[in-house]
Amino acid sequence: MSVICEEIPRSEIIEKAAYEGVKDFIFVRRKERPKDIKVAEKWSMEPCFLPSFYEEVAQRILDFEVRADDVWIVTYPKCGTTWTQELIWQICNNLNYDQSKSPLYERFPFLEIGSLLSRDWPNVDYVTRLEKAPSPRFIKSHLPAPLLPNGLWTVKPKIVYVARNVKDVAISWYHHHVNIHYFPGSFQDFMDTMIADKIMYSPFHSHIVDFWRMKDEQNILFSTFEDMKKDLPAVIRRTIKFFGNDYSEAQIQTLADHLSFAQLSKNPSVNLDHMLKGIQVAINKKMKDQNYHFIRKGETGSFKKEMTPELVERFNKWTESEMQKLNCEPELRNIFLLNES
């Protein structure tokens, strides 16, 4: 085993991290920095906080066979993953709006989803399904760089990474946890776990830093949620170039319209409303917010509506401390703090 899964003892902060059917967590890390992967020199190698179920697939994912024509999206959760998945899929599939009426989670499967959810819920082993899937495969993951398949760094398929400012991520991740994972704790409980890096897929900052430091690799495109909000057509053009495609300005504008939040929120293949209703039926429990949608607001700076000034300051101090610990490049401050400082 080249991956180590360390059980985390129960404590007050770990109890705060619990959600429906998931009370036990592990720290997951590589046994050592791989010497045969050049970009691994840039990794922080921090252990990742995950549900204990992840131990069942940790080594399988590390050994997962990567293909040269795979297309991957990697993000920390709630950084614009779904938005970017639809963008990528359309660019790589000749803007086939008819075919994209099938669910995004089938067109662009979530590799490790089966290891995150309650064992009482309907579940799909996407690791096995993707192993058997025909090429080209579109694959989503929220795992940090060191836990992703070894083949990503040797075969080098196309990878798109998306980052977002920490406070908007925290707010969106909270609403996701409450309504999809049936998180029972308070708003303050969730924010405490986020700042303590005791929430699924944490630590947050090193997740982004590792990919930032690999952004000059030819097979990696580093993007941000804020860039997409500021100038979506420009991000579309950059992504088209990354994949070696060629579309007219009229086609780019049509795609931008398709990707607008007004359209995505009404698009049943992307907004996952059918899946959310199915979960409620399967577990016989209603979401806390019956008006919640997976495509929620898509705003930049919306944390200001829900965070107190004191909580904002806590997040800022946490980020400054993490940046110092990770010896971050100054440009990352704008990504983490939304140009606030």
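The sections below set out a description of the structure shown in this document. Here the structure is a predicted model, which is why all the values come from computation and not from measurement.

### Some thoughts on the overall build of the chain
Turning to step 1, where the next piece is worked out: Across its full length, the chain holds 16 helices and seven strands.
Turning to step 2, where the next piece is worked out: Taking the principal axes of the C-alpha coordinates as reference, the chain spans close to 55 × 50 × 45 Å.
Turning to step 3, where the next piece is worked out: In the chain, which comprises 341 residues, the proportion classed as buried is 58%.
Turning to step 4, where the next piece is worked out: Within the chain, contacts between residues separated by at least 24 positions form 74% of all contacts whose residues are at least 6 apart in sequence.
Turning to step 5, where the next piece is worked out: Counting every atom, the chain has about 15,100 Å² of accessible surface; 49% of that belongs to carbon and sulfur.
Turning to step 6, where the next piece is worked out: Across the chain, 45 positive and 47 negative side-chain charges occur, with their mean positions spaced 2 Å apart.

### Examining the pattern of salt bridges
Turning to step 1, where the next piece is worked out: This structure, assessed with the given rule, holds 19 salt bridges.
Turning to step 2, where the next piece is worked out: One salt bridge in this structure joins Glu217 and Lys42, with 3.9 Å as the shortest N-O distance. Remark: Lys42 occurs in the loop between β2 (25-30) and β3 (48-51) and Glu217 occurs in the loop between α8 (204-212) and β7 (220-224); sequence separation between them is 175 residues.
Turning to step 3, where the next piece is worked out: Residue classification places Glu217 among the partly exposed residues on the basis of a relative accessible area of 21%.
Turning to step 4, where the next piece is worked out: Through salt bridges with shared partners, a single network forms among Lys16, Asp189, Asp192 and Arg314.

### Focus on the packing of aromatic side chains
Turning to step 1, where the next piece is worked out: One pass over the structure, following the stated rule, counts 19 aromatic pairs.
Turning to step 2, where the next piece is worked out: Where Tyr76 meets Phe204, the ring centres are 5.0 Å apart and the plane angle is 85°; that geometry is what we call edge-to-face. Separated by 128 residues along the polypeptide, Tyr76 in the loop between β4 (71-75) and α3 (81-92) and Phe204 in helix α8 bring together distant segments of the chain. By the burial criterion, Tyr76 is buried, and Phe204 matches it.
Turning to step 3, where the next piece is worked out: Ring centres of Phe315 and Trp318 lie 5.7 Å apart, and the angle between their planes is 75°; this geometry places the pair in the edge-to-face category. With Phe315 and Trp318 both in helix α15 (residues 309-325) and three residues apart, this pair spans about one turn of that helix. Across the pair, Trp318 and Phe315 agree in class, each one buried.
Turning to step 4, where the next piece is worked out: Every member of this aromatic cluster is reached through a ring pair, and the members are Trp43, Trp153, Tyr161, Phe211, Trp212 and Phe222.
Turning to step 5, where the next piece is worked out: The positively charged end of Lys140 is found above the aromatic ring belonging to Phe110, 4.3 Å away from the centroid.
Turning to step 6, where the next piece is worked out: Lys215 extends its terminal NZ or CZ atom over the ring of Trp212, reaching a point 4.5 Å from the ring centre.

### Concerning the nonpolar core
Turning to step 1, where the next piece is worked out: Ranked by size, the top nonpolar core spans 87 residues in total, and within it Leu50, Tyr54, Trp153, Met194, Phe211 and Phe315 carry the most contacts.
Turning to step 2, where the next piece is worked out: Looking at this core, the element that brings in the most residues is helix α6 (residues 166-180), giving seven residues.
Turning to step 3, where the next piece is worked out: Not counting residues within four places of it along the chain, the set of residues in contact with Leu50 comprises Phe25, Ile26, Val28, Leu116, Leu143, Leu147, Met200 and Tyr201.
Turning to step 4, where the next piece is worked out: Judged by nonpolar contacts, the second largest core, of 30 residues, contains Phe225, Ile252, Leu255 and Phe261.

### A few points about the sheet that holds strand β1 (residues 3-7)
Turning to step 1, where the next piece is worked out: Taken in spatial order, the three strands line up as β1-β2-β3 in an open sheet, and their pairing is antiparallel. Edge positions in the sheet fall to β1 and β3, since each has one partner strand and no second. Across the sheet, the mean angle from the axis of one strand to that of its neighbour is 35°, orientation sign disregarded.

### Looking at the sheet that holds strand β6 (residues 158-163)
Turning to step 1, where the next piece is worked out: The strand order across the open sheet built from four strands is β5-β4-β6-β7, with neighbouring strands paired in parallel fashion. On the outer flanks of this sheet lie β5 (138-141) and β7, each paired with one strand and no other. This sheet shows a mean twist of 20° between the axes of neighbouring strands, independent of strand direction.
Turning to step 2, where the next piece is worked out: Relative to β7, β6 runs parallel, the two sharing five bridges. Within the sheet, the bridge partner assigned to Val160 lies in β7 and is Leu221.

### A look at the pairing of β4
Turning to step 1, where the next piece is worked out: Taking burial as the measure, the five residues of β4 include five buried ones, the bulk of the element.
Turning to step 2, where the next piece is worked out: Relative to β5, β4 runs parallel, the two sharing four bridges. Bridging from a neighbouring strand, Ile73 pairs with Lys140 of β5.
Turning to step 3, where the next piece is worked out: The pairing of β4 with β6 spans five bridges and is parallel. Within β6, the residue paired with Val71 across the bridge is Lys158.

Scoring rules and cut-offs
Residues numbered from 1 in each chain as written. Predicted model: local features only at pLDDT ≥ 70, side-chain atom pairs only at ≥ 80, totals over all residues. Heavy atoms only, no water. Helix = DSSP H or I, 4+ residues; strand = E, 2+ residues; numbered from the N terminus. Buried < 20%, exposed > 50% of the residue type's maximum accessible area, 1.4 Å probe, protein only. Contact = heavy atoms within 4.5 Å. Areas by Shrake-Rupley, 256 points an atom, 1.4 Å probe, with all protein chains shown as cover. Lys, Arg positive; Asp, Glu negative; His and termini not counted. Charge placed at Lys NZ, Arg CZ, Asp CG, Glu CD. Salt bridge = Lys/Arg side-chain N within 4 Å of Asp/Glu carboxyl O. Phe/Tyr/Trp six-rings, centres within 6.5 Å; stacked < 30°, edge-to-face > 60°. Lys NZ or Arg CZ within 6 Å of the ring centre and 35° of its normal. Core = buried A, V, L, I, M, F, W, Y, C linked by side-chain atoms within 4.5 Å. Pairing = 2+ DSSP bridges. Axes fitted to C-alpha atoms, helices over the stretch in contact; angles between N-to-C directions.

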